[in-house]
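Results of the structural survey
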Amino acid sequence: MNTQQCLSCGASEGMVHFEGRGETLSVKGMERRVDHLSGWECQKCGEIELDEVCGQRYSDACDELVIASRKMIGNEMKKIRRKLHLTQKETVQLLSGGGHNAFSRYERGEVLPPKPLILLMRLLERYPHLLTDVKTFGEGADLRGFEHIVHKEHESLSVS
Ligand SMILES: [Zn+2]
């Protein structure tokens, strides 16, 4: 048997070579299968080291999957936003904050939206009437952009 020492746990003949293995990658519910992988696996600690070419193929597949899942989330965000009859600009002002083109970057899949925003959008898709509450609660919640702070001097504290 083709063996070598495991650099992870130190087992002297721990690593056994394997070939023709398939793995299914999964990101946010999307799956991608990578076949014909070869490499070394430690029988003792489970450490896996793919052969170089396979490692590259494997990490390319991971990257592709991450990009595809960002696009999928982006499409979902766009679909929900349109359902709610909001423009990208309104959505940023109401829900996410950030630059005026932040939401279009999410929708194009360039950036993964923060998890709370994804959750919020999904909640609003299910309970669209909550948008009214969002508008109410949102007033004054975003304190960025307030450039002037008014100092009130000689104000006496009222004790209630
Ligand atoms: Zn090991």
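Source: prediction; values computed, not measured.

1. Some thoughts on the nonpolar core
Core analysis: the biggest nonpolar cluster contains 7 residues, these being Ile73, Met77, Ile80, Phe103, Tyr106, Met121 and Leu124. The element best represented in this core is helix α1 (residues 52-83), accounting for 3 residues. With residues near it in sequence (within four places) discarded, leucine 124 still touches Ile80, Leu84, Leu130 and Leu131.

2. Description of the sheet that holds strand β2 (residues 15-27)
The 4 strands lie next to each other as β1-β2-β3-β4, forming an open sheet whose pairing is antiparallel. Strands with a single pairing partner mark the edges of an open sheet, and in this sheet they are β1 (3-4) and β4 (48-50). Note that strand β3 (residues 30-42) and β4 share 3 bridges and pair antiparallel. Bridging across to β4, glutamate 41 finds its partner in isoleucine 48.

3. Section: the pairing of β3
Examined bridge by bridge, β2 and β3 share 10 bridges and lie antiparallel to one another. Bridging from a neighbouring strand, arginine 21 pairs with leucine 37 of β3. Between β2 and the antiparallel strand that follows it, β3, lie 2 residues; lysine 28 among them carries a positive phi value of about 45 degrees. Hairpin connection from β3 to β4: 5 residues lie between these consecutive antiparallel strands, with glycine 46 at a positive phi of about 85 degrees.

Analysis parameters
Residues numbered from 1 in each chain as written. Predicted model: local features only at pLDDT ≥ 70, side-chain atom pairs only at ≥ 80, totals over all residues. Core = buried A, V, L, I, M, F, W, Y, C linked by C-beta atoms within 7 Å. Buried ≥ 20, exposed ≤ 12 C-beta atoms within 10 Å, placed from the backbone. Helix = DSSP H or I, 4+ residues; strand = E, 2+ residues; numbered from the N terminus. Contact = placed C-beta atoms within 7 Å. Pairing = 2+ DSSP bridges.

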